[in-house]
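# Structure assessment
Now for the letters of each chain:
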Amino acid sequence: MTQELGATRRMVLAGGLALAACSREAEAVPSAAAVQGGLKDHAPFPVGAAIRSDLLAEPAYPALVRTHFDQITADWEMKMEAVLEEDGAFDFSRADLVADFARSHGLRLFGHTLIWNEQRPAFFEALKDNRSAFARAYGRYIAEVVSRYRGARGWDVVNEPFNWNGSERRGGIWAETLGEAYIPLAFERARAADPEAVLFLNDYNLEQFPAKRRAFLNLAEGLLKAGVPLGGLGTQTHLNHDTDPGSLGPAMRELGSLGLPVHLSELDFTLKGAGRDRMAALALQARLAGATAEAFASLPEAQRFAFTTWGVRDKDSWLRQPEQEAEFPNDQPLLLDDAGRPKSAFAAVVEAWG
Ligand code: 9MR
């Protein structure tokens, strides 16, 4: 009996605390209604987005991109999967749509990505047994793509050189055939094709996994010591809405420790794992977005390459593509909602830069 009463009291108390916590959270969440202007108008550094060429034909999308961003990355159009045909021919039609959009609107273009373990084109598979032919084609691929978009502000030269937690390297067909030299080779080729572009090593989970961050920084340091023309570090920053906001400051400081420019290159905050209370999850997301923006803005000025979200509106995100949708439907990972309106997370970013 006493026990039962105690349990009831605990439940009431817990309910009260939850409400209090909710209203405190709601109070703390910046309101998107008051936000003025585009995201880029609030930042003393470039603000980027990944864009998709198929969406450029929509009436509202191009204007939205130009309102909020001053740098663009192609979501997939500049990857081997889009550019390289089975017989080794190049198809730049989709990549050109993105580059032309940047050029005609005075936006910075960021190239993504030259070499990624997840891309195993049939053309290169067929060359695997002939190392020197493979190496020639590898160099030629990088030279062709980088010189076509010469003038791009930077390139993700090598994407995701590690597995998810940094315990192993992930070089795919490139490391299998060329050994670890695939990385220096790629940077040297890219440098020869565009002496001005900032050349990046880019990876994910660097905020959530300090051990991966250290492994990534060790690799970068080794490349610099070897004279490889590595010019910047890309941290994708695919976070979960409930990632500890306190982890962002130390992560950014450490990523800045080599003195290289840092590109926050693929930002989003999935709601995966959130229960039914979307409002609470969006409030956590806003808090985390603010912490991320603040951590990035705290880097020395010369190291703030760009703050880039991976997509424009929630509904354009890779997290809304069928495979992800099956796992967690209707994710809302970005700063603009499905209709292109600023969310609380957007307001929190603006407030952090204020
Ligand atoms: O958002 C991209 C999606 O549309 C593509 O189908 C996919 C494969 O090319 O790549 C997605 O972008 C990835 C990025 O290139 C590298 N980091 C992870 C991103 C999300 O999967």
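Our structure is the block above this text.
Below you will find a few notes about this structure. (Residues numbered from 1 in each chain as written. Predicted model: local features only at pLDDT ≥ 70, side-chain atom pairs only at ≥ 80, totals over all residues. Heavy atoms only, no water.)

This next bit is on the site of the ligand. Every one of the 13 residues lining the ligand counts as a neighbour, but Asp75, Lys79, Glu81, His112 and Glu266 are closest to it. A distance of 2.5 Å is found between an oxygen atom of the ligand and a side-chain nitrogen or oxygen belonging to Asp75. Here Glu266 contributes a side-chain N or O atom positioned 2.7 Å from a nitrogen atom of the ligand. Protein contact buries 81% of the 460 Å² of open area that the ligand shows by itself. A class-by-class count of the residues in the shell around the ligand yields three nonpolar, five polar and five charged. (Near = heavy atom within 4 Å. Polar contact = N/O pair within 3.5 Å; in protein donor to acceptor, adjacent residues only side chain to side chain. Areas by Shrake-Rupley, 256 points an atom, 1.4 Å probe, with all protein chains shown as cover. Nonpolar A, V, L, I, M, F, W, Y, C, P; charged D, E, K, R; others polar.)

What follows covers the packing of aromatic side chains. Under the definition given, this model contains 16 aromatic pairs. With a centroid separation of 5.0 Å and 80 degrees between ring planes, the pair formed by Phe45 and Phe296 is classed as edge-to-face. Of the two residues, Phe45 sits in the loop between helix H1 (2–28) and strand E1 (47–51) while Phe296 sits in helix H11 (residues 278–297), which places them 251 residues apart along the sequence. Phe45 sits in the buried class, given a relative accessible area of 6%. (Phe/Tyr/Trp six-rings, centres within 6.5 Å; stacked < 30°, edge-to-face > 60°. Helix = DSSP H or I, 4+ residues; strand = E, 2+ residues; numbered from the N terminus. Buried < 20%, exposed > 50% of the residue type's maximum accessible area, 1.4 Å probe, protein only.)

Our next topic: the pairing of strand E2 (residues 71–74). Of the two faces of E2, the one lined by Gln71 and Thr73 and the one lined by Ile72 and Ala74 are each fully buried. As defined by bridge partners, E1 adjoins E2 across four bridges and the pair is classed as parallel. Its bridge partner lying in E2, Gly48 is registered against Gln71. For E2 and strand E3 (residues 108–116), the ladder comprises three bridges, and the chain directions are parallel. What sits directly across from Thr73, in E3, is Phe110. (Pairing = 2+ DSSP bridges.)

As a further point, take the side chain of Asn117. Here Asn117 is to be found in the loop between E3 and helix H5 (122–125). Of the residues examined, Asn117 reaches a relative accessible area of 16% and is grouped as buried. From its side chain, Asn117 meets the backbone oxygen of Arg170 in a polar contact 3.3 Å long. Among all residues touching Asn117, those that are not within four sequence positions of it are Asn159, Glu160, Arg170, Gly171, Gly172 and Trp174. (Contact = heavy atoms within 4.5 Å.)

To continue, consider the pattern of salt bridges. Under the counting rule described, the total for this entry stands at 19 salt bridges. Between Arg120 and Glu176 there is a salt bridge, with its nearest N and O atoms 3.0 Å apart. Taken together, the residues span a long stretch of sequence, with Arg120 in the loop between E3 and H5 and Glu176 in helix H7 (residues 172–178) at a distance of 56 residues. Residue classification places Arg120 among the partly exposed residues on the basis of a relative accessible area of 36%. Residue Lys343 pairs with Asp314 through a salt bridge whose shortest N-O separation is 3.1 Å. In this pair, Lys343 is assigned in the loop between helix H12 (322–327) and helix H13 (344–353) and Asp314 in the loop between strand E9 (304–309) and H12, connecting sequence segments 29 residues apart. In the salt-bridge network here, residues are joined through shared partners; they are Arg120, Glu125, Lys128 and Glu176. (Salt bridge = Lys/Arg side-chain N within 4 Å of Asp/Glu carboxyl O.)

Attention now moves to the environment of Glu327. Along the chain, the position of Glu327 falls in helix H12. Distance from Glu327 to Pro59, taken between C-alpha atoms, is 30 Å for residues 268 residues apart in sequence.

Attention now moves to the packing of helix H9 (residues 210–225) against helix H10 (residues 248–255). Direction vectors running N to C along H9 and H10 enclose 10 degrees, while the axes themselves pass 10 Å from each other. It follows from the interaxial angle that H9 and H10 lie roughly parallel. As for the relative orientation of H9 and H10, their crossing is right-handed in sense. On H10, the residues that touch Arg213, Arg214, Phe216 and Leu217 of H9 are Ala251, Glu254 and Leu255. (Axes fitted to C-alpha atoms, helices over the stretch in contact; angles between N-to-C directions. Parallel < 35°, antiparallel > 145°, perpendicular 65-115°, else oblique. Left-handed = near helix turned anticlockwise from the far one by under 90°.)

Burial of the side chains of strand E6 (residues 232–235) extends over both faces: Gly232 and Gly234 are buried on one face and Leu233 and Thr235 on the other. Bridge count for strand E5 (residues 198–203) against E6 is four bridges, and the pairing is parallel. Its bridge partner being in E6, Asp203 is matched across the sheet by Thr235. As a crossover connection, the stretch from E5 through H9 into E6 is right-handed. Strand direction decides the pairing type here: E6 and strand E8 (residues 262–270), joined by three bridges, are parallel. Across the sheet, the residue bridging to Leu233 is Val262, located in E8. (Right-handed = clockwise from strand over helix to strand, strands pointing away.)

Turning our attention to the packing of H11 against H13. At their nearest, the axes of H11 and H13 sit 8 Å apart, and the two run at 30 degrees to each other. Relative to H13, the element H11 is oriented roughly parallel. At the point where H11 passes H13, the crossing takes the right-handed sense. In this structure, H11 contributes Gln285, Ala286, Ala289, Gly290, Ala293, Glu294 and Ala297 to the contact, and H13 contributes Ser344, Ala345, Ala348, Val349, Ala352 and Trp353.

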